[in-house]
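Below are the chains, spelled out letter by letter.
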Amino acid sequence: MTAPPPPQDSKPKSAPQKAMEKLGLLRDIDLALHLPMRYEDETRLAPIATLREGEPAQVEGVVVDCQVELRGRRQLLVRMKDESGTLLLRFLHFYPSQQKQMAAGARLRVRGEARVGFFGREMVHPVVKVVDDDTPLAQSLTPVYPASAQLPQAYLRKAVASGLTRADLRELLPAGVVPRGLPSLKEALHYLHHPPPDASQEALHEHHHPAWHRLKFEELLAQQLSQLQAQRERAALVAPALRARPGGLHEKLLAALPFRLTGAQQRVSEEIAQDLARPQPTHRLLQGDVGSGKTVVAALAAAVAIDAGWQCALMAPTEILAEQHFRKLVDWLQPLGLQVAWITGSVKGKARQKMLDAAASGEAQLVVGTHAVIEDKVRFAKLGLAVIDEQHRFGVAQRLALRNKLKAMDLEPHLLMMSATPIPRTLAMTYFADLDVSTIDELPPGRSPIVTKVFADAKRDEVIAKIRGAVGDGAQVYWVCPLVEESEAVDLRNATETHAELSAALPGVSVGLLHGRMSPADKAAVMAQFSGGAMRVLVATTVIEVGVDVPNASLMVIEHAERFGLAQLHQLRGRVGRGSVASVCVLIYTPPLSDTGKSRLKAMAETTDGFEIARRDLDIRGPGEFMGSRQSGAELLRFADLQEDAPLLVAARTLAPRLLDEHPEAARRQVARWLGTKAEFLKA
Ligand code: ADP
Ligand code: MG
């Protein structure tokens, strides 16, 4: 095998080179940071007699005989021995050349897992090297890298070894700032790629070794630096200063609301108002549990922006959610003389053009919609504030598109993001370090707590009887059908069957059906019937997941609850308990339950507190999954573990501002070394 050419080479690329590119192994430093997942020990030889079943080992000996035999199938059998005993090597696939190499008298160094059977010790398809009696043993453990079919281990080993020698691993950090006891980056990487024979495989595997700690620290530092840079870049941008006028729209809206703000709503509104009044773009996350009343806070912020002569855009991840916002905002704002436009994928033709014109001319002061709002064709005359609901449900690319679109204007708009999924503390310190956070930690008064009950599917009839009772008492009911991710068709069939089942079991009760395949107009019609009260039971797929607001609905049944994620279950449950009637959420599961399934349902039954749910969710899933695969930014922390490495995170967080101020060039290199082109993603 030839040594791989440098990755920057412009010659046609070989399959392994392409495979390396796919793994993101482009620069020398990327190769140097491609760490082994485990190691093989070729530094010592075991006497054949000590081989034990299933244990990998390396032995050396001389071939006694070598022949092809037909034992059921053609195979090459090589018998070798050392001073302690004999070992049979068995090859089911082999080349004639191998037979020659391993002829009687040849000295072999063999590595593999032994089997100890009736006929003695044997290895099937071991790795074999022909050696002399003075061929030296490996000086360090042999790295095994994450590879792929197109990327053979041997090729990758060479590529990494040469990347490691070529990469610029100079110390970038000034003396004395690295946590005590950690080696330099260069030492750490050399150690991890080629650990000495006596290295603790356990410390390596569990990432406890100081070399690992150095690496994690470097990574966390790069991440903190890049966030801090983004924050400072943003602070240098200019946004319109939006101040609420006495007697202005903001006050009028407050006076017109059918309720008083909770203390928490007042507090976060005040925090947001202070942001808006500054000539730097707001970058704030408003978090609050489902039903805590975030929409009205967004509407108040919009009122401030509009009153100051600017436009506001509000985006939601789904049409249903966008439409709920739209209705509510129209209810609140139209009586005050404001124009609200509506842009989603399903608004087409003339209607769409009218909306686009209204946004572009500034005639529409508020534009509500789905991600269609960030499409190229949508222009704003004067966008002052963008609100993104359920921001984590938008992908990184979409958020970048939004950012870039907004950037095209003279002045940067303010950005307010909303989420019902609170960010756990360690995540807030890393991925969201660049974000100001306001939290609504109080529900509007008069809500009655939701009682959650868990039933096995066998008790379905009991659940249906409960529904009959609830409807008889004047309540409305949601029945949510399972999510089968792979197949929308199965989703639909389940929902349709359940709809038929409930219609039959509840004569005289109007039972409706809502699913993702319906046209937006049909969905809207069903939602209108349900919120108007004409329809008493709504069977739905997860299209109702977020934002639906029908205060009279007080019973929710979630079928196959074990298939939903914890955050999703919590969101769904938040659809009930919005009125003053005591609400119940019934989780139906089909046994057997997995361990995670069990802990999810248990969490749901034990608490209705969104923060507690988020904490348990993080425990169950870990941060990468918690953030969702769409947030590919989550993959950026390859080495550090946010829970375990919290002390390193704190150290990196403390060092970052100092480094940026006192050693800006070192800070820049640190970020480039670690994040390369990915740094952009962190800003989303
Ligand atoms: P979420 O935070 O989940 O988006 P919403 O904004 O949809 O919550 O509010 C949930 C419900 O509570 C809505 O019907 C809303 O009008 C109502 N609401 C909001 N704030 C208050 C309040 N201070 N007092 C009473 N009801 C409120
Ligand atoms: Mg909401």
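Here, the structure is the one placed above.
Scope of this entry: the structure provided in the associated data block.

Definitions and cut-offs
- Residues numbered from 1 in each chain as written.
- Chains lettered and ligands numbered in written order.
- Predicted model: local features only at pLDDT ≥ 70, side-chain atom pairs only at ≥ 80, totals over all residues.
- Heavy atoms only, no water.
- Helix = DSSP H or I, 4+ residues; strand = E, 2+ residues; numbered from the N terminus.
- Buried < 20%, exposed > 50% of the residue type's maximum accessible area, 1.4 Å probe, protein only.
- Contact = heavy atoms within 4.5 Å.
- 1 Å grid on protein atoms, 1.4 Å probe; cavity = no way out; pocket = protein on both sides within 12 Å on 5 of 7 lines; lining within 4 Å.
- Points joined across faces, edges and corners; volume = space filled by probe spheres on them.
- Nonpolar A, V, L, I, M, F, W, Y, C, P; charged D, E, K, R; others polar.
- Domains from an automatic or database assignment.
- Polar contact = N/O pair within 3.5 Å; in protein donor to acceptor, adjacent residues only side chain to side chain.
- Axes fitted to C-alpha atoms, helices over the stretch in contact; angles between N-to-C directions.
- Parallel < 35°, antiparallel > 145°, perpendicular 65-115°, else oblique.
- Left-handed = near helix turned anticlockwise from the far one by under 90°.
- Core = buried A, V, L, I, M, F, W, Y, C linked by side-chain atoms within 4.5 Å.
- Pairing = 2+ DSSP bridges.
- Near = heavy atom within 4 Å.
- Areas by Shrake-Rupley, 256 points an atom, 1.4 Å probe, with all protein chains shown as cover.
- Sits in = over half its atoms within 2 Å of the grid points.
- Phe/Tyr/Trp six-rings, centres within 6.5 Å; stacked < 30°, edge-to-face > 60°.
- Lys NZ or Arg CZ within 6 Å of the ring centre and 35° of its normal.

## Observations concerning the overall build of the protein
Each helix and strand in the protein was counted, giving 23 helices and 22 strands. Within the protein, buried positions represent 51% of all 684 residues. Taking the intrachain contacts of the protein between residues at least 6 apart in sequence as the baseline, contacts between residues at least 24 apart amount to 76%.

## Digging into the layout of surface pockets
When its volume is computed, the second largest pocket comes out at roughly 710 Å³. Considering the residues around the second largest pocket, the lining is formed by 29 residues, among which Gly293, Lys328, Arg447, Asp549 and Arg578 are closest to the centre. If you list the elements that add at least two residues to the lining of the second largest pocket, you get helix H10 (294-307) and helix H11 (319-333). The element that contributes the greatest number of residues to the lining of the second largest pocket is H11, accounting for 5 residues. Its residues placed into classes, the lining of the second largest pocket shows 10 nonpolar, 10 polar and 9 charged. In this structure, the lining of the second largest pocket is formed jointly by two domains, domain 3 (249-440) and domain 4 (450-607), each of which donates at least three residues.

## A word on unusual backbone geometry
The omega torsion across Pro591 and Pro592 is 0 degrees, close enough to zero to call that bond cis. In this fold, Pro592 is placed in the loop between strand S22 (583-589) and helix H19 (595-606). You will see that His207, though not glycine, has its phi angle at about 60 degrees, which is positive. By secondary structure assignment, the location of His207 is in the loop between helix H6 (201-205) and helix H7 (210-235). For His207, a relative accessible area of 26% gives the class partly exposed.

## A few points about the side chain of His560
Along the chain, His560 falls in the loop between strand S21 (553-558) and helix H18 (566-573). A polar contact of 2.8 Å, which involves the side chain of His560, links it to the side chain of Glu562. Excluding residues within four positions of it along the chain, His560 makes contact with Pro482, Ile588 and Thr590.

## Overview of the packing of helix H9 (residues 263-276) against H10
Following both chains from N to C, one finds H9 and H10 inclined at 30 degrees, their axes separated by 10 Å at the closest point. As summarised for this structure, H9 and H10 are arranged roughly parallel, according to the angle between their axes. Where H9 crosses over H10, the handedness of that crossing is right-handed. When H9 is examined against H10, the residues Gln265, Val268, Ser269, Ile272 and Leu276 are found in contact with a partner set consisting of Val296, Val297, Leu300, Ala301 and Val304. By residue class, the composition of the contact of H9 with H10 is 8 nonpolar, 2 polar and no charged.

## Notes on the nonpolar core
In terms of nonpolar packing, the biggest core is built from 69 residues, with Leu189, Leu215 and Leu221 touching the most fellow members. Top element by residues in this core is H7. It accounts for 9 residues. Viewed by domain, this core spans two of them, domain 1 (15-39 + 144-206) and domain 3 (249-440), each represented by three or more residues. Setting aside chain neighbours within four positions, we find Leu215 in contact with Leu33, Leu35, Leu185, Leu189, Leu192, Phe639 and Trp674.

## Some thoughts on the sheet that holds strand S14 (residues 383-388)
With parallel pairing, the 7 strands of this open sheet are ordered in space as S12-S13-S11-S14-S15-S10-S16. The strands lining the two open edges of the sheet, one partner per strand, are strand S12 (340-343) and strand S16 (436-440). Each neighbouring strand pair of the sheet contributes to a mean axis angle of 20 degrees, computed without reference to strand direction. For strand S11 (residues 311-315) and S14, the ladder comprises 5 bridges, and the chain directions are parallel. Across the sheet, residue Leu314 finds its bridge partner in S14, namely Val387.

## Notes on the pairing of strand S7 (residues 120-124)
For a regular strand, side-chain orientation follows a simple rule: the groups alternate between the two sheet faces. Pairing of strand S4 (residues 86-91) with S7 involves 4 bridges; the strand directions are parallel. In the strand pairing of S7, Arg90 is matched with Val124. With 3 bridges connecting them, strand S6 (residues 115-117) and S7 associate as antiparallel partners. If you follow Gly117 over to S7, its bridge partner there is Gly120. Counted between consecutive antiparallel strands, the loop separating S6 from S7 contains 2 residues.

## Quick look at the site of ligand 1
Neighbouring ligand 1 are 17 residues, the closest being Arg260, Gly291, Thr295, Arg447 and Asp549. Measuring from an oxygen atom of ligand 1, one finds a backbone N or O atom of Ser292 at 3.5 Å. Coverage of ligand 1 by the protein amounts to 86% of the 570 Å² it exposes when considered alone. Comparing atom positions with the cavity grids shows ligand 1 to sit within the second largest pocket. The residue inventory of the shell around ligand 1, partitioned by class, reads 4 nonpolar, 6 polar and 7 charged.

## Re the packing of aromatic side chains
Taken as a whole and assessed by the stated rule, the structure comprises 5 aromatic pairs. Between Trp212 and Phe639, the ring centres sit 5.6 Å apart and the planes meet at 65 degrees, which makes this aromatic pair edge-to-face. Of the two residues, Trp212 is situated in helix H7 and Phe639 in the loop between helix H20 (610-626) and helix H21 (646-662); the sequence distance between them amounts to 427 residues. Trp212 gets classed as buried once you look at its relative accessible area, which sits at 3%. For Phe639, a relative accessible area of 9% translates into the label buried. Three or more aromatic residues joined by ring pairs form one cluster here, namely Trp212, Phe639 and Trp674. Directly above the ring of Trp310 sits Lys382, whose terminal nitrogen or CZ lies 4.5 Å from the centroid.

## Quick word on the side chain of Lys294
Residue placement: Lys294 occurs in helix H10. Each residue touching Lys294, except ones within four places of it in the same chain, is listed here: Leu286, Gln287, Gly288, Asp289, Met418, Ser419, Ala420 and Ile440.

## Quick word on the sheet that holds strand S19 (residues 511-514)
Pairing within the open sheet is parallel, and its 6 strands lie in the order S17-S22-S21-S18-S20-S19. Strands at the two margins of the open sheet, each flanked by one partner only, are strand S17 (450-456) and S19. Along the sheet, successive strands turn relative to each other by an average axial angle of 20 degrees, direction set aside. Relative to S22, S21 is paired through 4 bridges, and the arrangement is parallel. For Leu555, the partnering residue across the bridge sits in S22 and is Val584. Its contacts with the sheet place helix H15 (residues 460-472) against S17, strand S18 (476-480), strand S20 (537-540), S21 and S22, and it is angled at close to 150 degrees to S18.

## Some details on the packing of helix H5 (residues 185-193) against H7
Put simply, H5 and H7 touch, their axes get as near as 9 Å, and they point 125 degrees apart. In this view, H5 runs oblique relative to H7, as classed from their interaxial angle. The hand of the H5/H7 crossing is left-handed. Note on element contacts: H7 touches H5 through Ala211, Trp212, Arg214, Leu215 and Glu218, opposite Leu185, Ala188, Leu189, Tyr191 and Leu192. In terms of residue class, the contact of H5 with H7 is built from 8 nonpolar, no polar and 2 charged.

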